[in-house]
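The primary structure of each chain is shown beneath.
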Amino acid sequence: MSTTTTTTTGQPAILPEGYEITNIVAVDENFNPDPTSEQDVVDKLKAKFKDFKIEVFLPNIELFEKLAEGQDPKVMLITCIDSRCNPTMLFGLEAGEAFVVRNVANFVHPYEGQHVAHENAAVGAAIELAVTVMDIKHIVVVGHSNCRGIKALMTRDDFTTDLVGNWVKVGLPAKEKVKQLYPELSFDEQLSLCQKEAVNVSLKNLLTYPYVKERVKGGGLHIHGMHYNLRHGRLTSWDIVRK
Amino acid sequence: MSTTTVKQPAILPEGYEITNIVVVDEHFNPDDHSEQGVVDKLKAKFKDFKIEVFLANRELFEKLAEGQEPKVMLITCIDSRCNPTMLFGLEPGEAFVVRNVANFVHPYEGQVHNAAVGAAIEFAVTAMDVKHIVVVGHSSCGGINALMELDDFTTGLVANWVKVGLPAKEKVKELYPELPFDEQVSLCEKEAVNVSLKNLLTYPYVKERVKGGGLHIHGMHYNLRHGRLTSWDIVRK
């Protein structure tokens, strides 16, 4: 079924009525920034891309040519959207080393079968691709301190009012466990424990994917949790194994 | 919620346990006997980060621990060759980053409990007041390739996820039927970015802020074979 509308010239339109494309720019080693531009934030991205081209891409052209033929990463990281938690920064990721999924509070929801409505299949599509098509060997879920998604989980009572609430409520078992086992701890300490237990909830949910469970059982796939304390610059890491 | 035999609430499923708990900081000593090459490397690199970046920029990281205030959100692909920190030299605190298969944004309507991208957009725009959203597509994208190869019988989560890009596929097939498949895929990668930008505008608070001039939306396409970036803005006429 075609969902395209057409413009007045009869061509299929992607953009909604009233919007247009402007400021098309090609950035490579010859890029000259427009001095009259006032788009500081995005101008910086372009300027930094030029730096990447000159300082990283061109000096490693053989690697990038090889990668252009295909990628073969062995690990997938699932991390938070938090601006302080870029996995390339934390783990010195090289181009081609890891698939990276990033969402609010690095959650994985339970597998719901093959016919999930498309907007809900974000993480699932990545897991399916990485595990069944690309045969990765490790999945790491990386949580972190000062996570606003986990804070929302711990502070709210109603999770149905908005998209963030609906998204983080998958972590309720972590909240319940922390509140049940550690009622005497301060809220901040409970928050910290919840960030780690929520990683375990996501790891448990990873195991609801039949092909994940099967490969973990067979020893061809390993799952791990990590927690980055961004105040102290400390990483805690653990593995989930079959008993 | 199930409980273990000692009546403590259990998170992990029956038959699984936690092992190999390790703390990594500047004093970390890798275990010489470990055979977990791939993950060991992540830990070793974190130690490098702690020493070379974190401790060398103490003030910045202390400030960031008090809170983040990024002005831009990037929506990029999970592809291992397209790390936005590498491409754009991102500093900690500079940008929210969402990563999913083929950097798609789905329409606002109908999202409920499992709206990964929606939750991120809602948070970044309404709670954190970002000023720019950039959707970054790229060449050799497996998700766009899957979209171009989809037929009525393709099933699975990847197929379900990329179907949102069908308008891009239809446009390319209609306007450029004579082009070889590879060139059609290449055009589709860029049109699919525009589909996502259009879908961004279906979020009421995005549309409102773009109209008011407080939020700007952009598309980018990274050609990973040639090391070239194309960038464009979407504006109201």
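Here the residue index of a chain counts from 1 through its sequence in written order. Note on labels: chains are lettered from A, ligands numbered from 1, in written order. It should be noted that, the model being predicted, local features are given only for residues of pLDDT at least 70 and side-chain atom pairs only at 80 or more, the latter also being counted only at that level, while totals for whole chains, interfaces and linings use all residues. Water and hydrogen atoms were dropped before computing side-chain values, which therefore reflect all heavy atoms in the structure.

As annotated in an unreviewed UniProt entry, chain B carries the name Carbonic anhydrase and is attributed to Sphagnum jensenii. Looking at the Cofactor (unreviewed entry) heading of the UniProt record, one finds this comment for chain B: "Zn(2+)". UniProt positions are given in the numbering used here, feature names are shortened, and annotations may be inferred rather than shown by experiment. Recorded in UniProt under Sequence similarities (unreviewed entry), the annotation for chain B is "Belongs to the beta-class carbonic anhydrase family."

An unreviewed UniProt entry annotates chain A as Carbonic anhydrase of Sphagnum jensenii. Listed under Catalytic activity (unreviewed entry) in UniProt, the entry text for chain A is "hydrogencarbonate + H(+) = CO2 + H2O". Its UniProt record gives chain A the following Cofactor (unreviewed entry) comment, quoted word for word: "Zn(2+)".

Asks: Can you break down the pairing of strand 4 (residues 132-138) of chain B residue by residue, with the values?
Replies: All names here are of chain B. When a residue's accessible area, from a 1.4 Å probe over protein chains only, is under 20% of the maximum for its type it is buried; when over 50% it is exposed; and in between it is partly exposed. Only runs of H or I of at least four residues qualify as helices and only runs of E of at least two qualify as strands under DSSP, and these elements are numbered from the N terminus. Taking burial as the measure, the 7 residues of strand 4 include 7 buried ones, the bulk of the element. Where strand 2 (residues 72-77) meets strand 4, 4 bridges bridge the pair, whose relative direction is parallel. Residue pairing for strand 4: methionine 73 is matched across the bridge by isoleucine 133. The criterion for strand pairing is that DSSP finds at least two bridges linking the strands in question. With 7 bridges joining them, strand 4 and strand 5 (residues 216-223) adopt parallel strand pairing. The partner of isoleucine 133 across the bridge, within strand 5, is isoleucine 217.

Asks: I'd like a rundown of the nonpolar core, residues and numbers included.
Replies: Buried residues of nine kinds, namely Ala, Val, Leu, Ile, Met, Phe, Trp, Tyr and Cys, make up a nonpolar core once their side-chain atoms join them within 4.5 Å. Grouped together as the largest cluster of nonpolar side chains are 110 residues, with contacts concentrated most on A:Met76, A:Ile127, A:Ile150, A:Val212, B:Ile121, B:Ile144 and B:Val206. Leaving out residues up to four positions away in the same chain, A:Met76 has contacts with A:Phe99, A:Val101, A:Ala126, A:Ile127, A:Ala130, A:Ile136, A:His138, A:Ile139 and A:Val140. Here a residue-residue contact requires only that any non-hydrogen atoms of the pair lie within 4.5 Å.

Asks: Could you give me a rundown of the domain arrangement of chain B, with the residues and numbers involved?
Replies: Note that the domain bounds reflect an automated or database-derived domain assignment. By domain assignment, chain B separates into domain 1 (1-65) and domain 2 (68-234). A C-alpha centroid distance of 31 Å is found between domain 1 of chain B and domain 2 of chain B.

Asks: Got a sec to walk through the packing of aromatic side chains? Specific residues and values, please.
Replies: Working definition: rings of Phe, Tyr and Trp (its six-membered ring) pair if their centres are within 6.5 Å, and the pair is stacked with planes under 30 degrees apart, edge-to-face with planes over 60 apart, and tilted otherwise. Summed over the entire model, instances satisfying the criterion amount to 19 aromatic pairs over all chains. Taken together, a centroid distance of 6.2 Å and an interplanar angle of 70° make the contact between A:Phe52 and A:Phe57 edge-to-face. Residue A:Phe52 is classed as buried on the basis of its relative accessible area of 3%. Taken together, a centroid distance of 4.7 Å and an interplanar angle of 35° make the contact between B:Phe54 and B:Phe61 tilted. By relative accessible area, B:Phe54 is classed as buried at 0%.

Asks: Before we move on, can you summarise the pairing of strand 6 (residues 138-144) of chain A with the specific residues and values?
Replies: Residues and elements named next belong to chain A. Counting buried residues in strand 6 gives 7 out of 7 residues, a clear majority hidden from the surface. Burial along strand 6 is two-sided: His138, Val140, Val142 and His144 and Ile139, Val141 and Gly143, pointing in opposite directions, are all buried. For strand 4 (residues 75-80) and strand 6, the ladder comprises 4 bridges, and the chain directions are parallel. Across the sheet, residue valine 75 finds its bridge partner in strand 6, namely histidine 138. The pairing of strand 6 with strand 7 (residues 222-229) spans 7 bridges and is parallel. Of the residues in strand 7, the one forming a bridge with valine 141 is glycine 225.

Asks: Break down the environment of A:Leu15 for me, with residues and values.
Replies: Here A:Leu15 is to be found in the loop between strand 2 (12-13) and strand 3 (19-27). A:Leu15 gets classed as buried once you look at its relative accessible area, which sits at 16%.

Asks: Please give an account of the interface of chain B and chain A that cites residues and values.
Replies: Contacts between the two partners involve 116 residues from chain B, matched on the other side by 122 residues from chain A. Here, a salt bridge means any Lys or Arg side-chain nitrogen found within 4 Å of an Asp or Glu carboxyl oxygen. Where chain B touches chain A, the interface holds 6 salt bridges. A salt bridge links B:Arg225 to A:Glu69, with the nearest nitrogen and oxygen atoms 3.0 Å apart. N or O atoms within 3.5 Å of each other form a polar contact, as long as, within protein, one can give a hydrogen and the other can take it, and as long as residues adjacent in sequence are counted only when both atoms are side-chain atoms. Linking chain B with chain A are 39 residue pairs in polar contact (both at pLDDT 80 or more). Counting residues per element, the side of chain B that touches chain A draws most heavily on helix 1 (residues 37-54) of chain B, at 10 residues. Residues were grouped as follows: Ala, Val, Leu, Ile, Met, Phe, Trp, Tyr, Cys and Pro as nonpolar; Asp, Glu, Lys and Arg as charged; and all remaining residues, including Gly, as polar. For the side of chain B that touches chain A, the class distribution of residues is 62 nonpolar, 28 polar and 26 charged. In this sheet, strand 6 (residues 228-236) of chain B lies alongside strand 3 of chain A in antiparallel orientation, the contact comprising 7 bridges. Residue pairing across strands places A:Thr22 opposite B:Asp233, the latter belonging to strand 6 of chain B.

Asks: Describe the domain arrangement of chain A, with residues and values.
Replies: Parsing chain A into structural domains produces domain 1 (1-70) and domain 2 (72-240). Each of domain 1 of chain A and domain 2 of chain A has a C-alpha centre, and these two points are 31 Å apart.

Asks: An account of the packing of helix 5 (residues 148-155) of chain A against helix 8 (residues 187-206) of chain A is requested, with residue identities and associated values reported.
Replies: Residues and elements named next belong to chain A. Only C-alpha atoms enter the line fits that serve as axes; for helices the fit covers just the stretch in contact. Angles between N-to-C directions range over 0 to 180 degrees. One way to put it is that helix 5 packs onto helix 8 with a least axis distance of 10 Å and a crossing angle of 115°. One finds that helix 5 runs roughly perpendicular with respect to helix 8. The handedness of the crossing between helix 5 and helix 8 comes out as right-handed. Taking contact as the criterion, the partners of Ile150, Lys151, Leu153, Met154 and Thr155 in helix 5 are, on helix 8, Phe187, Gln190, Leu191, Cys194, Gln195 and Ala198. For the contact of helix 5 with helix 8, a count of residues per class yields 7 nonpolar, 3 polar and 1 charged. Between 65 and 115 degrees an angle is taken as roughly perpendicular, under 35 as roughly parallel, over 145 as roughly antiparallel, and anywhere else as oblique. The crossing is said to be left-handed when, going from far helix to near helix, the turn is anticlockwise and less than a right angle, and right-handed when the turn is clockwise.

Asks: How would you sum up helix 9 (residues 204-212) of chain B? Please name residues and give values.
Replies: All buried positions along helix 9 of chain B are accounted for by B:Tyr205, B:Val206 and B:Val210. Around the axis of helix 9 of chain B, the buried residues are gathered within 130° of arc, so they sit on the same side. In helix 9 of chain B, the exposed positions that point more than 90 degrees away from the buried face belong to B:Glu208, B:Lys211 and B:Gly212. At its buried positions, helix 9 of chain B is contacted by strand 3 and helix 6 (163-168) of chain A together with helix 4 (116-127), helix 8 (181-200), strand 5 and strand 6 of chain B. Here, the arc refers to the directions that run from the helix axis to the C-beta atoms.

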